[in-house]
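# Structural overview for review
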Amino acid sequence: MSGVTFDEVTKRFGDTTAVENMSLEVADGEFMVLLGPSGCGKSTALRMIAGLEEVSDGMLSIGNRVVNNIPPRERDIAMVFQSYALYPHMSVRKNIESPLVANRANRLPAGERSERIDEAAEVLGLTDYLDRKPGELSGGQRQRVALARAIVRRPEVFLMDEPLSNLDAKLRTQTRLELVELHRRLRTTFVYVTHDQVEAMTMADRIAIINDGHVQQVGRPQEVYDRPANLFVARFIGSPPMNTISGTVGTSGTGGNVATEAGVVAVAELSGSRAGDEVVLGVRPEYLKPRDPSKDDPGAGGLRARVENIEMLGHERHLLTRVGNEVMVARLDPALPPPSIGDEVVLEADAANVYLFDPSTTERLGSGTSTPTATVVADG
Amino acid sequence: MATESTVTAPPTAVERPRPPGSGLSIGLARAGWYISLTLLAVVVLFPIYMLVIRAISDPISFINAGQPLHIVSAQWDVFSRAWSDAGLARAMGVSAVATIVIMGAQFMTSVLGAYAFAFLEFPLKKLLFAIVIGTLLLPIEVTLVANIQTVRSLGWLNSVQGLTFPFLATALGIFLIRQGFLGLPRDLRDAATLDGFGHIGFLFKVAIPLAKPVIGSFLVISFLSAWNQYVWPRNATTEGAWQTVQIALRTLTTTRVDQINLAFAGAIIAALPLVLLLIFFQRQMVRGLTAGAVKG
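Being a predicted model, the structure only gives us computed values, none of them experimental.

The rules behind the values
- Residues numbered from 1 in each chain as written.
- Chains lettered and ligands numbered in written order.
- Predicted model: local features only at pLDDT ≥ 70, side-chain atom pairs only at ≥ 80, totals over all residues.
- Helix = DSSP H or I, 4+ residues; strand = E, 2+ residues; numbered from the N terminus.
- Buried ≥ 20, exposed ≤ 12 C-beta atoms within 10 Å, placed from the backbone.
- Contact = placed C-beta atoms within 7 Å.
- Axes fitted to C-alpha atoms, helices over the stretch in contact; angles between N-to-C directions.
- Parallel < 35°, antiparallel > 145°, perpendicular 65-115°, else oblique.
- Left-handed = near helix turned anticlockwise from the far one by under 90°.
- Nonpolar A, V, L, I, M, F, W, Y, C, P; charged D, E, K, R; others polar.
- Pairing = 2+ DSSP bridges.
- Domains from an automatic or database assignment.
- Expected span 1.5 Å × (residues − 1).
- pLDDT = per-residue confidence, 0-100.
- Right-handed = clockwise from strand over helix to strand, strands pointing away.

The next point concerns the overall build of chain A. Of the regular secondary structure elements, chain A holds eight helices and 20 strands. In chain A, which comprises 380 residues, the share counted as buried stands at 44%. For chain A, restricting intrachain contacts to residue pairs at least 6 apart in sequence, the fraction spanning at least 24 positions comes to 66%.

Here you go:
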């Protein structure tokens with residue numbers, strides 16, 4: 001088993017830079033998810049590990065071996081594709097066997113091949129389908145064949161490029177659990193690319209959030225949720241995402257406040273910003289509560305908002321409101337009576353869970369030193 | 001009463017109401033199609049029908065009878081006479097050998113050329129491909145004299161190599177099979193690379209099996225053009241022993257003018273392999289020719 005190390009790796013396609021100076025260390029046996037919007041360079045990064053794209057600059061290592069110039073088949077990796085990439089003319093058995101026979105130089109004896117195929121088929125519940133063609137299988141079964149083809153070669157690193165995207169919602173949840181179980185069982189390094197933050201949050205040991213070819217933040221799922229390094233991460237992680245609004249810092253009593261166009265928000269910790277500084281204020285939907293303005297004390301803080309829509313999800317409600325030019329979402333307990341669409345409300349933010357960002361660098365103020373006191377749930 | 005209720009019952013979802021007269025117009029449209037297709041079939045099949053009639057009829061009696069649309073004084077032994085008089089057995093043998101060599105060579109060169117143009121990156125790729133495709137515009141007559149000179153200087157007149165050499169590679173094959181290869185998903189090629197397939201492994205284990213319909217249809221085209229060749233073998237052979245089937249037919253036509261039905265019978269015999277091929281592979285041919293037209 002081996003980890004993967006990107007050391008200032010850059011990938012250029014002509015004039016376009018897909019990945020720039022990426023440094024990232026994936027530990028041995030770790031489940032690392034590369035998360036980002038489409039076109040951010042995450043798949044390019046994965047394809048560089050596979051050797052399907054050349055590294056333009058920097059050094060890429062698998063274990064202790066620099067692999068910049070090592071051909072894909074000698075990298076001891078296996079990859080699962082979004083489209084499964086099964087050979088349609090071959091049976092499931094032949095598909096699973098292909099990495100063991102394709103390279104004549106290190107072809108295994110037939111007996112051992114057969115053993116490995118049976119073992120992989122057993123692990124993934126494919127024993128009854130070994131003689132079928134991929135075209136006769138469902139999407140979920142095909143994906144499992146692709147996984148079997150990957151595990152049969154016992155690689156040092158598994159690479160997965162959005163492997164669940166072609167599955168329906170129910171199957172995706174199920175396969176997600178199976179993948180986590182597979183990782184637990186194999187204890188091999190997984191590098192998994194997705195644009196779906198739910199997949200990232202539920203499966204990863206650590207997440208690397210990527211945008212515009214740059215790593216924005218690397219951390220455990222709860223860490224990137226609780227302590228986003230910048231506005232991009234804050235807005236990308238979380239569903240619904242973090243609400244943000246521009247304002248100016250003021251001081252009052254022990255803490256401080258931020259004056260926005262829609263009202264003043266109390267902030268427990270000013271994270272090093274001073275009165276008069278321009279900031280972007282961020283607050284997650286679960287820390288915004290609507291209040292009836294008619295029962296307000298005059299001068300009480302909060303953001304004046306108008307209810308535009310209410311989404312009922314069963315276990316919670318999302319209150320979509322218009323605050324100045326921004327749309328802000330509050331997460332409500334479904335047991336409480338919600339306001340009606342069109343109502344004027346005041347959104348009150350929990351002062352201890354307000355984030356401040358520098359509008360010019362988009363970095364979170366006080367990153368690494370002072371963090372909001374959001375509940376840190378033990379993650380695993 | 002029952003009839004009434006049936007008539008006045010509201011239309012169900014299954015039996016949607018039709019606009020009045022639509023049944024009739026569909027029937028008319030269908031009849032129109034059948035009539036046009038029948039006429040077209042008559043136009044196409046009439047010469048073949050006449051070929052059979054004239055082959056079997058005694059030629060003098062047929063002309064004296066005013067060239068009717070039916071058999072006159074049937075000569076059923078005409079096929080066996082044509083077979084022996086024209087030496088069709090040997091001529092068909094020569095044609096078969098030349099055709100097999102051409103098909104085999106075209107398969108290899110087209111598949112390799114198509115692979116390079118579809119999957120490899122090399123300098124001047126687009127220009128080279130344009131030049132290859134450009135050769136499609138040159139009819140055989142343009143290069144005939146130069147090619148005959150070459151074959152003559154190599155001492156290859158009256159030989160299998162002489163009959164086949166200019167046709168061992170074809171731009172049509174490269175183009176068609178390249179289209180088939182381009183239809184293969186990129187992920188499949190990437191997966192094959194990661195599995196450890198080299199160029200040859202990927203070509204023969206993955207690309208060719210998946211491009212089978214296109215390759216099959218190309219081989220049918222290759223067979224047809226090789227079997228039907230006339231101009232090249234006419235120039236590349238000088239001895240009767242090296243006559244191909246089309247040359248033998250020509251000889252039969254010019255040497256036995258009084259027995260012209262022998263030539264017709266010979267033509268029917270020479271066409272039999274093609275007819276069999278078309279019967280067995282027509283679906284393949286159509287599928288291959290339309291492959292790549294619509295990306296699936």
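So, next bit.
With that settled, the discussion passes to the overall build of chain B. From N to C terminus, chain B includes 15 helices and zero strands. Contacts in chain B between residues at least 24 apart in sequence constitute 75% of all its contacts with a sequence separation of at least 6.

All right, on to the packing of helix α5 (residues 88-119) of chain B against helix α9 (residues 171-182) of chain B then. Residue and element names in this part refer to chain B. Across the interface, α5 lies against α9 with an axial gap of 8 Å and an inter-helix angle of 50°. Taken together, α5 and α9 sit at an angle that is classed as oblique. Between α5 and α9 lies a crossing of right-handed hand. Judged by residue contacts, Gln106, Ser110, Val111, Gly113, Ala114, Tyr115, Phe117, Ala118 and Phe119 of α5 engage Gly173, Ile174, Ile177, Arg178, Phe181 and Leu182 from α9. Residues that form the contact of α5 with α9 fall into these classes: 10 nonpolar, four polar and one charged.

In this complex, chain A contributes 16 residues to the contact, which on the side of chain B involves 14 residues. When contributions to the side of chain A that touches chain B are tallied by element, the ones reaching two or more residues are β6 (77-80) and α2 (92-101) of chain A. Grouping the amino acids of the side of chain A that touches chain B by side-chain chemistry returns 11 nonpolar, four polar and one charged.

This part covers the sheet that holds strand β16 (residues 303-312) of chain A. Adjacent strands of a sheet form backbone hydrogen bonds with each other and so pair up, either parallel or antiparallel. Residues and elements named next belong to chain A. The antiparallel open sheet is built from five strands, whose spatial order is β15-β19-β16-β17-β18. Edge strands, defined here as strands with exactly one partner in the open sheet, are β15 (288-291) and β18 (326-332). For this sheet, the mean angle separating the axes of adjacent strands, direction not counted, is 45°. Relative to strand β19 (residues 344-349), β15 runs antiparallel, the two sharing four bridges. Within β19, the residue paired with Leu288 across the bridge is Ala349.

Next up on the list: the domain arrangement of chain B. Residue and element names in this part refer to chain B. In terms of domain boundaries, chain B breaks down into domain 1 (24-76) and domain 2 (84-290). Centre-to-centre, using C-alpha coordinates, domain 1 lies 32 Å away from domain 2. On the domain 2 side, the residues contacting the seven residues of domain 1 number seven residues. With four residues, helix α2 (residues 22-56) is the single largest residue contributor to the side of domain 1 that touches domain 2. Of the residues contributing to the side of domain 1 that touches domain 2, the split by class is four nonpolar, two polar and one charged.

Next up on the list: the environment of Ile96 of chain A. Assignment of secondary structure puts Ile96 of chain A in helix α2. Put simply, Ile96 of chain A and Met160 of chain A are 64 residues apart on the chain and 16 Å apart in space, counted from C-alpha to C-alpha.

What follows deals with the sheet that holds strand β2 (residues 16-26) of chain A. All names here are of chain A. Read across the sheet, four strands follow the order β2-β1-β4-β5 without closing on themselves; strand pairing throughout is antiparallel. Unpaired on one side and paired on the other, β2 and β5 (65-66) mark the two borders of the sheet. Looking at chain direction, strand β4 (residues 57-62) and β5 are connected through two bridges and run antiparallel. The partner of Ile62 across the bridge, within β5, is Arg65.

Now for unusual backbone geometry. Working note: non-glycine residues mostly have negative phi, and peptide bonds are mostly trans. Here the amide bond leading from Ser239 of chain A into Pro240 of chain A is cis, since omega sits at -5°, within 30 degrees of zero. By the secondary structure assignment, Pro240 of chain A is in the loop between α8 (231-236) and β11 (243-252). Although it is not a glycine, Gln67 of chain B adopts a positive phi angle of roughly 50°. Following the sequence through the fold, Gln67 of chain B ends up in the loop between α3 (59-64) and α4 (78-85). In this structure, Ser73 of chain B is a non-glycine residue whose phi angle is positive, near 45°. Judged by the 13 C-beta atoms lying within 10 Å of it, Ser73 of chain B is partly exposed.

A separate point is α9 of chain B. For the α-helix, the turn length of 3.6 residues means that residues three or four positions removed from each other point alike. All names here are of chain B. Taking 1.5 Å of rise per residue, the 12 residues of α9 would be expected to cover 16 Å, and the 16 Å separating its terminal C-alpha atoms lies within 8% of that figure. Taken together, the buried positions of α9 are Gly173, Ile174, Leu176, Ile177, Arg178, Gly180 and Phe181. The elements touched by buried residues of α9 are α5, α6 (125-134), α11 (199-210) and α12 (212-227).

The next point concerns the confidence of the model for chain B. All names here are of chain B. The predicted model of chain B has a mean per-residue pLDDT of 87, with 89% of residues at 70 or higher. The weakest mean pLDDT in chain B belongs to helix α1 (residues 2-8) at 40; the strongest belongs to α5 at 96. Counted against residues more than four places away or in other chains, residues 1-15, with its pLDDT under 50, gives two contacts. Note on residues 292-296: pLDDT under 50 across the span, and four contacts to partners over four residues away in sequence or across chains.

Residues and elements named next belong to chain A. Most of strand β8 (residues 189-194) is tucked away, with six of its six residues classed as buried. The alternating pattern of β8 places Thr189, Val191 and Val193 and Phe190, Tyr192 and Thr194 on opposite faces, both of which are buried. As judged from the five bridges shared by strand β3 (residues 31-35) and β8, these two strands associate in the parallel manner. Directly across from Leu35, in β8, lies its bridge partner Thr194. Alignment of strand β7 (residues 157-161) against β8, held across five bridges, turns out to be parallel. In the sheet register, Phe158 faces β8, and the bridge partner there is Phe190. In this fold, the crossover linking β7 to β8 by way of helix α5 (residues 169-186) has right-handed handedness.

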